[in-house]
Amino acid sequence: MAALTIAARTGNWFSALALGVTLLKCLLIPTYHSTDFEVHRNWLAITHSLPISQWYYEATSEWTLDYPPFFAWFEYILSHVAKYFDQEMLNVHNVNYSSSRTLLFQRFSVIFTDALFVYAVHECCKCIGGKEVGKELTEKPKFILSVLLLWNFGLLIVDHIHFQYNGFLFGLMLLSIARLFQKRHMEGAFLFAVLLHFKHIYLYVAPAYGVYLLRLKLKFLDPNKIPKASMTSGLVQQFQHTVLPSVTPLATLICTLIAILPSIFCLWFKPQGPRGFLRCLILCALSSFMFGWHVHEKAILLAILPMSLLSVGKAGDASVFLILTTTGHYSLFPLLFTAPELPIKILLMLLFTIYSISSLKTLFRKEKPLFNWMETFYLLGLGPLEVCCEFVFPLTSWKLKYPFIPLLLTSVYCAVGITYAWFKLYVSVLIDPPVGKTKKQ
Amino acid sequence: MEKWYLMTIVVLIGLTVRWTVSLNSYSGAGKPPMFGDYEAQRHWQEITFNLPVKQWYFNSSDNNLQYWGLDYPPLTAYHSLLCAYVAKFINPDWIALHTSRGYESQAHKLFMRSTVLIADLLIYIPAVVLYCCCLKEISTKKKIANALCILLYPGLILIDYGHFQYNSVSLGFALWGVLGVSCDWDLLGSLAFCLAINYKQMELYHSLPFFCFLLGKCFKKGLKGKGFVLLVKLACTVVASFILCWLPFFTEREQTLQVLRRLFPVDRGLFEDKVANIWCSFSVLLKIKDILPRHIQLIMSFCVTFLSLLPACIKLTLQPSSKGFKFTLVSCALSFFLFSFQVHEKSILLVSLPVCLVLSDIPFMSTWFLLVSTFSMLPLLLKDELLMPSVATTMAFFIACVTSFSIFEKTSEEELQLKSFSISVRKYLPCFTFLSRIIQYLFLISVITMVLLTLMTVTLDPPQKLPDLFSLLVCFVSCLNFLFFLVYFNIIIMWDSKNGRNQKKIS
């Protein structure tokens, strides 16, 4: 019994949080999954059954391999475990094969690989300082950050319902950020390089890394070796706008570059240590999200997750974080459009939103309030918007004539919030004075 | 953080777990001709909506009692009627007479699961929240942790949202009853408890402690004065609530008798299926069902049940206290479960609810009991293909209890409330100092056995000659555990002398 007591004590709150969310992920196994499930099954089949030379040519299924090679190797390794669950899923011609064992294997592979994310969160908690307002465990910045990251709503519904492998990828990113905070620059750079070879979407934040590390006089990235990612490809059909002028990929690239340029300059000329790097990273991610070509709504997570690290540091950052997160998470709602998942997404959203707002408000209770009346009003407006889009609209006659209205309303409403957060963050980056290189860890 | 934010978060976690479990299969899914409890509930909506009240409990060409005839009291029927009205509004095919038999669809499943969630949200969850907020002498953080653990109790979630039943309604009403009676709102408490009994007759397991506690209160107030007034008021409340619920069935004697016959099927024998009580577990050694005639079995079960619960009830009448009341609820319900007739494995939930209420008093033993109670329903849960949610919710519950109460640090004699007992025993046996250690070892053995049995049941096939081997083993092991708990809880009640008189009531 003494051994169990010790185990219970050292298996402390962090383990409880990690285990708790893992069990929740297990409970989410029977939920709806999107076509991404078939995408990954197909990639398991391709990498298992075909020689490497064929991997990027195979096109039996419409979901061709369009992630960089490390991800292909990852699927290859997974396929060797998959064969013990159900050999049939590894047949390239078994399009849309989803036996119960396949489902179980795929879901467990996501849950299992999330271990890297948990480790990265653990390392991030070691890096943040933050004020200690009270002695209560639940009021410590480490605790709040752990919950905000481990129980992140967006990551839960995108990875464990919709089906993707963002968990371990964000784990790599957070780990590289943590290493940069810990001044282990080589490791941080290496981890980011590895990450780029898993999923090229992280190119959005590469400028921040490049400038920061260059600024520290470390050369890590040979521009010629960056894999030529295809930012302008994708399965979604090209379409021309009928009312507004059509936008070309080049135009979006130019807009994105213009948007991130000030933050890059700030990072170079006004160094603020790792914290400044993090802000620049978030701004790069947000700008690319707002102006980039063929951006998925899930890309908002690229800004939300790193922002969590800043949110427990300063009240101003907490305020921006909450607006960004709440609107960003709400914008993910259209991903889950099936009826049985409706209560889950509403409950989880409420859970995360109420926790994040109340815990950060408590953490910064000695400073001025986090939201002004306008921001409060805007955030509260998300409730009626949801009711209108999901409950009222389907019962009206407009459902047949204009089925896109809920999506349009959601996009427009969230765009306002995200743009506002981007703007506020930019202002704080430009206005805040530079600090010494050794920011408190 | 403010209490209300935390409590809201706890409730949201409870609701999320409930809904995710409900995405799984239900009892009898895709298994014609009889299906399961889910189809039974759907059928009751069909019957209550399409037939007049007088025909609900009678066998007729429109109402075949062999196919899931109504066997719960009138409140269940009224609830089914209410759901049927909503069903009619959405899709009349779901409750069309005769043609809707065995109706299964995604939309219908969503509807049925929603009815369970709404009933839970309206009755059971507010009762739990209020109960935890009213607990005395513990910190706010502990109250909220208590609420989290109660709301995460796997047994109730798996049965209501997995197998499919409405236990949260009857248990919720019973909990309102406990709250009312403990806070000295005796009339409201009795009314709530009468509603519970009129929803599911199994709530009668809790009726003796309610009766004894209230009687004890009346005695304390003096039978010549206020006590007598209270007694009369209580009697009137009980009678009035019963009349209100049974009104349509009191018009004819035959109606009342038929309903009673449906509620108490004495013809069905001592036990059905595998259940973790004495009669079933020991039928492996001695086939009681075959040896003794039916009426002797009934009398024997009656006598043993009452003998086992009498001491606690008498003590409660003589020394009424809310702490004694809660523990007597546990021991009475457990006695009924172990020794009564026609007990179903789901009836363990009637014991689990009072144990949840004493979670803050004896966290270690309560957690242990609640784990065993979930384990005892394993055969049923496996039949409904609920293995994954069972394991996940049980582990979540265990983690919640360990972190909230640090249960492994609360295994001393004092924490287990066995101090006075140990002192008494030490008068005769001075070397009796190892009680705490014994209990810890028993816990380890119990958990290891449960884990092993679960693994065996899931991975291995039973031998051909003994197809029910694993179910019976589960019942047998659970029964042994329950017998231990029966003794333990009775010891706490009987040796709780000094604290009994000075115990503050909850309000």
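The rules behind each value
- Residues numbered from 1 in each chain as written.
- Chains lettered and ligands numbered in written order.
- Predicted model: local features only at pLDDT ≥ 70, side-chain atom pairs only at ≥ 80, totals over all residues.
- Heavy atoms only, no water.
- UniProt positions renumbered as here; feature names shortened; annotations may be inferred.
- Contact = heavy atoms within 4.5 Å.
- Buried area = accessible area lost by both parts, 1.4 Å probe.
- Salt bridge = Lys/Arg side-chain N within 4 Å of Asp/Glu carboxyl O.
- Polar contact = N/O pair within 3.5 Å; in protein donor to acceptor, adjacent residues only side chain to side chain.
- Helix = DSSP H or I, 4+ residues; strand = E, 2+ residues; numbered from the N terminus.
- Nonpolar A, V, L, I, M, F, W, Y, C, P; charged D, E, K, R; others polar.
- Patch = residues over 30% accessible without salt bridge, like charges linked within 9 Å, V, L, I, M, F, W, Y side chains within 5 Å.
- Areas by Shrake-Rupley, 256 points an atom, 1.4 Å probe, with all protein chains shown as cover.
- Buried < 20%, exposed > 50% of the residue type's maximum accessible area, 1.4 Å probe, protein only.
- Core = buried A, V, L, I, M, F, W, Y, C linked by side-chain atoms within 4.5 Å.
- Domains from an automatic or database assignment.
- Phe/Tyr/Trp six-rings, centres within 6.5 Å; stacked < 30°, edge-to-face > 60°.
- Expected span 1.5 Å × (residues − 1).
- Axes fitted to C-alpha atoms, helices over the stretch in contact; angles between N-to-C directions.
- Parallel < 35°, antiparallel > 145°, perpendicular 65-115°, else oblique.
- Left-handed = near helix turned anticlockwise from the far one by under 90°.
- pLDDT = per-residue confidence, 0-100.
- 1 Å grid on protein atoms, 1.4 Å probe; cavity = no way out; pocket = protein on both sides within 12 Å on 5 of 7 lines; lining within 4 Å.
- Points joined across faces, edges and corners; volume = space filled by probe spheres on them.

- Chain B has the name Alpha-1,3-glucosyltransferase in an unreviewed UniProt entry, where Saimiri boliviensis boliviensis is given as its organism.
- The Pathway (unreviewed entry) comment attached to chain B in UniProt states, word for word, "Protein modification; protein glycosylation."
- What UniProt records for chain B under Sequence similarities (unreviewed entry) is the sentence "Belongs to the ALG6/ALG8 glucosyltransferase family."

- Under an unreviewed UniProt entry, the name given to chain A is Alpha-1,3-glucosyltransferase, and the source organism is Saimiri boliviensis boliviensis.
- Listed in UniProt under the heading Subcellular location (unreviewed entry), the comment for chain A reads: "Endoplasmic reticulum membrane".
- According to its UniProt record, chain A has this under Sequence similarities (unreviewed entry): "Belongs to the ALG6/ALG8 glucosyltransferase family."

**Some remarks on the interface of chain B and chain A**
Right, so step 1: Contact residues are listed per partner, giving 30 residues for chain B and 33 residues for chain A.
Right, so step 2: When the two sides are added together, the surface that chain B and chain A hide from each other amounts to roughly 2900 Å², 83% of it contributed by carbon and sulfur.
Right, so step 3: At the junction of chain B and chain A, the tally comes to zero salt bridges.
Right, so step 4: Where chain B packs against chain A, one counts one residue pair in polar contact (both at pLDDT 80 or more).
Right, so step 5: Among the elements of the structure, helix 1 (3–22), helix 19 (387–405) and helix 21 (435–459) of chain B are those that each provide at least two residues to the side of chain B that touches chain A.
Right, so step 6: Per-element tally for the side of chain B that touches chain A: the top contributor is helix 1 of chain B, with 11 residues.
Right, so step 7: The residue inventory of the side of chain B that touches chain A, partitioned by class, reads 21 nonpolar, seven polar and two charged.

**What about a nonpolar patch on the surface?**
Residue and element names in this part refer to chain B.
Right, so step 1: Taken together, the side chains of Leu204, Leu257, Leu260, Phe264, Val266, Leu298 and Ile299 define a hydrophobic patch exposed on the protein surface, amounting to about 500 Å² of accessible area.
Right, so step 2: Every element with two or more residues in the nonpolar patch is listed here: helix 11 (253–263) and helix 14 (294–318).
Right, so step 3: Assessed through its relative accessible area of 30%, Leu257 is described here as partly exposed.

**Observations concerning the UniProt feature "transmembrane region" (unreviewed entry) in chain A**
Residues and elements named next belong to chain A.
Right, so step 1: According to UniProt, the "transmembrane region" (unreviewed entry) feature falls on residues 12–33, 164–181, 188–212, 250–269, 276–293, 335–357, 377–395 and 402–423.
Right, so step 2: In the segment residues 188–212, helix accounts for 72% and strand for 0%; the C-alpha atoms at its two ends are 12 Å apart.
Right, so step 3: In residues 335–357, the share of helix is 70% and the share of strand is 0%. The end C-alpha atoms are 24 Å apart.

**Topic: the nonpolar core**
Right, so step 1: Of all hydrophobic cores here, the largest spans 307 residues; its most connected members are Ile177, Tyr202, Tyr209 and Leu360 of chain A.
Right, so step 2: For this core, the leading source of residues is helix 4 (residues 106–133) of chain B, giving 14 residues.
Right, so step 3: Both domains that meet at this core, namely domain 1 (28–109) and domain 2 (114–221 + 248–431) of chain A, each give it at least three residues.
Right, so step 4: In this structure Leu360 of chain A touches Ile144, Ser311, Val312, Ala318, Phe321, Leu322 and Leu370 of chain A, once residues within four positions along its chain are discounted.

**Some words on the packing of aromatic side chains**
Right, so step 1: For the coordinates displayed, the defined rule picks out 62 aromatic pairs over all chains.
Right, so step 2: On the basis of an interplanar angle of 75° and a centroid distance of 5.3 Å, the ring pair of Phe37 of chain A and Phe163 of chain A is categorised as edge-to-face. With Phe37 of chain A in helix 3 (residues 36–49) and Phe163 of chain A in helix 8 (residues 153–163), this pair connects stretches of sequence that are 126 residues apart. Across the pair, Phe163 of chain A and Phe37 of chain A agree in class, each one buried.
Right, so step 3: Centroid distance Phe364 of chain B to Phe408 of chain B: 6.5 Å. Interplanar angle 65°. Geometry classified as edge-to-face. Placement of Phe364 of chain B in helix 17 (residues 363–376) and of Phe408 of chain B in the loop between helix 19 and helix 20 (419–428) is noted, with a sequence separation of 44 residues between them.
Right, so step 4: Judged by its relative accessible area of 7%, Phe408 of chain B is buried.

**Quick word on the side chain of Asp496 of chain B**
Right, so step 1: Tracing the chain through its elements places Asp496 of chain B in the loop between helix 22 (469–495) and helix 23 (498–502).
Right, so step 2: Not counting residues within four places of it along the chain, the set of residues in contact with Asp496 of chain B comprises Lys315, Gln319 and Lys323 of chain B.

**Some words on helix 1 of chain B**
Right, so step 1: Here helix 1 of chain B is 20 residues long and its end C-alpha atoms lie 29 Å apart, about the 28 Å a rise of 1.5 Å per residue gives.
Right, so step 2: Helix 1 of chain B sits mainly inside the fold: 14 of its 20 residues count as buried.

**As for the domain arrangement of chain A**
Buried accessible area, meaning the area lost when the parts come together, often serves as the stated size of an interface.
All names here are of chain A.
Right, so step 1: Examined at the domain level, chain A breaks down into domain 1 (28–109) and domain 2 (114–221 + 248–431).
Right, so step 2: The gap between the C-alpha centroids of domain 1 and domain 2 is 29 Å.
Right, so step 3: Counting from both sides, the interface comprises 20 residues of domain 1 and, opposite them, 23 residues of domain 2.
Right, so step 4: Where domain 1 abuts domain 2, roughly 1900 Å² becomes buried across the two surfaces, and 66% of that area is made up of carbon and sulfur atoms.
Right, so step 5: Contact with domain 2 buries surface across domain 1, with Leu28, Tyr32 and Phe70 losing the most and accounting together for 34% of the total.
Right, so step 6: Applying the counting rule to domain 1 against domain 2 returns one salt bridge.
Right, so step 7: The closest approach of N and O atoms between Asp36 and Lys298, which form a salt bridge, is 4.0 Å.
Right, so step 8: Scanning the region where domain 1 abuts domain 2 turns up nine residue pairs in polar contact (both at pLDDT 80 or more).
Right, so step 9: Elements with a minimum of two residues in the side of domain 1 that touches domain 2: helix 3, helix 5 (69–82) and helix 6 (100–127).
Right, so step 10: Along the lines of polarity and charge, the residues of the side of domain 1 that touches domain 2 split into 10 nonpolar, six polar and four charged.

**Re the packing of helix 2 (residues 13–27) of chain A against helix 6 of chain A**
Residues and elements named next belong to chain A.
Right, so step 1: Viewed as axis vectors pointing N to C, helix 2 and helix 6 meet at an angle of 155°, and their least axial separation amounts to 11 Å. With respect to helix 6, the element helix 2 is oriented roughly antiparallel. You can see that helix 2 and helix 6 cross each other, and the crossing is right-handed. When helix 2 is examined against helix 6, the residues Phe14, Ala18, Thr22, Lys25 and Cys26 are found in contact with a partner set consisting of Phe108, Ile111, Asp114, Val118, Val121 and His122.

**A short note on the confidence of the model for chain A**
Residue and element names in this part refer to chain A.
Right, so step 1: For chain A, the average pLDDT comes to 86, and 88% of its residues sit at 70 or higher.
Right, so step 2: Low pLDDT (under 50) marks residues 218–240, which in the prediction has 24 contacts with non-local residues, meaning those over four places away or in another chain.
Right, so step 3: Between residues 436–441, whose pLDDT stays under 50, and residues either more than four places distant or in other chains, the model counts 13 contacts.

**A few points about empty space enclosed by the protein**
Residues and elements named next belong to chain B.
Right, so step 1: Counted by the stated rule, this structure contains six cavities of 30 Å³ or more.
Right, so step 2: Size it by volume and the largest cavity reaches roughly 100 Å³.
Right, so step 3: Lining the largest cavity are 13 residues, and of these Lys315, Ser321, Gly324, Ile493 and Asp496 lie nearest its centre.
Right, so step 4: Mapped by element, the contributors of at least two residues to the lining of the largest cavity are helix 14, helix 15 (322–339) and helix 22.

**As for the side chain of Ser34 of chain A**
Residue and element names in this part refer to chain A.
Right, so step 1: Tracing the backbone shows Ser34 in the loop between helix 2 and helix 3.
Right, so step 2: For Ser34, a relative accessible area of 10% gives the class buried.
Right, so step 3: Here His162 takes part through its backbone oxygen, which lies 2.8 Å from a polar atom of the side chain of Ser34.

**Quick word on the pattern of salt bridges**
Right, so step 1: Enumeration according to the criterion identifies 22 salt bridges over all chains in this entry.
Right, so step 2: A salt bridge links Glu187 of chain A to Arg179 of chain A; the nearest nitrogen and oxygen atoms lie 2.9 Å apart.
Right, so step 3: With relative accessibility at 34%, the residue Glu187 of chain A sits in the partly exposed group.
Right, so step 4: The class of Arg179 of chain A is buried, set by a relative accessible area of 5%.
Right, so step 5: Across the pair Arg42 of chain B and Glu46 of chain B runs a salt bridge whose closest N-O atoms are separated by 2.9 Å. Here Arg42 of chain B pairs with Glu46 of chain B, and both are found in helix 2 (residues 37–50), just four residues apart, close to one helical turn. The same class applies to Arg42 of chain B and to Glu46 of chain B, which are both buried.
Right, so step 6: One network of salt bridges, with partners in common, ties together Glu123, Lys126, Arg179, Arg184 and Glu187 of chain A.

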